[in-house]
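Chain by chain, the residues run as shown.
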Amino acid sequence: MPDPTALSLVDPRRTGEWGLIRTHTREMLEAARCGDWERVTALETVRREGISRFFATAVARYEAQAVKRGIEEILATDRRVLALTRNQHALARGNIVQFRRRANAHSAYEANSVA
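Residues numbered from 1 in each chain as written. Predicted model: local features only at pLDDT ≥ 70, side-chain atom pairs only at ≥ 80, totals over all residues. Heavy atoms only, no water.

### Regarding the overall build of the protein
In step 1: Scanning the protein from N- to C-terminus turns up three helices and zero strands.
In step 2: Taken from N to C terminus, the helices and strands of the protein fall in the order α-α-α.
In step 3: When each of the 115 residues of the protein is scored for burial, the buried share is 22%.
In step 4: The long-range share in the protein, meaning contacts at least 24 apart out of those at least 6 apart in sequence, stands at 71%. (Helix = DSSP H or I, 4+ residues; strand = E, 2+ residues; numbered from the N terminus. Buried < 20%, exposed > 50% of the residue type's maximum accessible area, 1.4 Å probe, protein only. Contact = heavy atoms within 4.5 Å.)

### Overview of the side chain of Thr77
In step 1: With respect to the element layout, Thr77 can be found in helix 3 (residues 64-114).
In step 2: Classification of Thr77 as buried rests on a relative accessible area of 3%.
In step 3: Reaching out from Thr77, the side chain makes a polar contact with the backbone oxygen of Glu73 at a distance of 2.8 Å.
In step 4: Residues in contact with Thr77, not counting those within four places in the same chain, are Thr25 and Leu29. (Polar contact = N/O pair within 3.5 Å; in protein donor to acceptor, adjacent residues only side chain to side chain.)

### Let's talk about the pattern of salt bridges
In step 1: The final tally for this structure, using the stated rule, is eight salt bridges.
In step 2: Note that Glu63 and Arg14 form a salt bridge whose closest N and O atoms lie 2.9 Å from each other. In this pair, Glu63 is assigned in the loop between helix 2 (37-54) and helix 3 and Arg14 in helix 1 (residues 12-33), connecting sequence segments 49 residues apart. Arg14 matches Glu63 in its accessibility class, with the two residues each being buried.
In step 3: We note a salt bridge from Glu73 to Arg26, for which the minimum N-O separation is 2.7 Å. (Salt bridge = Lys/Arg side-chain N within 4 Å of Asp/Glu carboxyl O.)

Right, here's the structure in full:
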């Protein structure tokens, strides 16, 4: 019986494609941890295209276990990235509120100083 973790048994390109998808996933998490949201977005676009290409061909029986583990890793990593985006969104929202308050205070000060 073939090794179920070896995606390269029939087409060695599949191993590289799947590995690159998983690499992009890990890089997305690292970029999110660093707050590099433009990179997260760019990596997600590339990863999505890779996933579409990879799954354009049905997963072979011998690939199933390795692909299943990869999908589980991708989903877990995506949950972590999503949590980081939520945290960043809350911080950004707080910064916007502070900015508006400062702008209002500035406007009030200017209105009072002209009068």
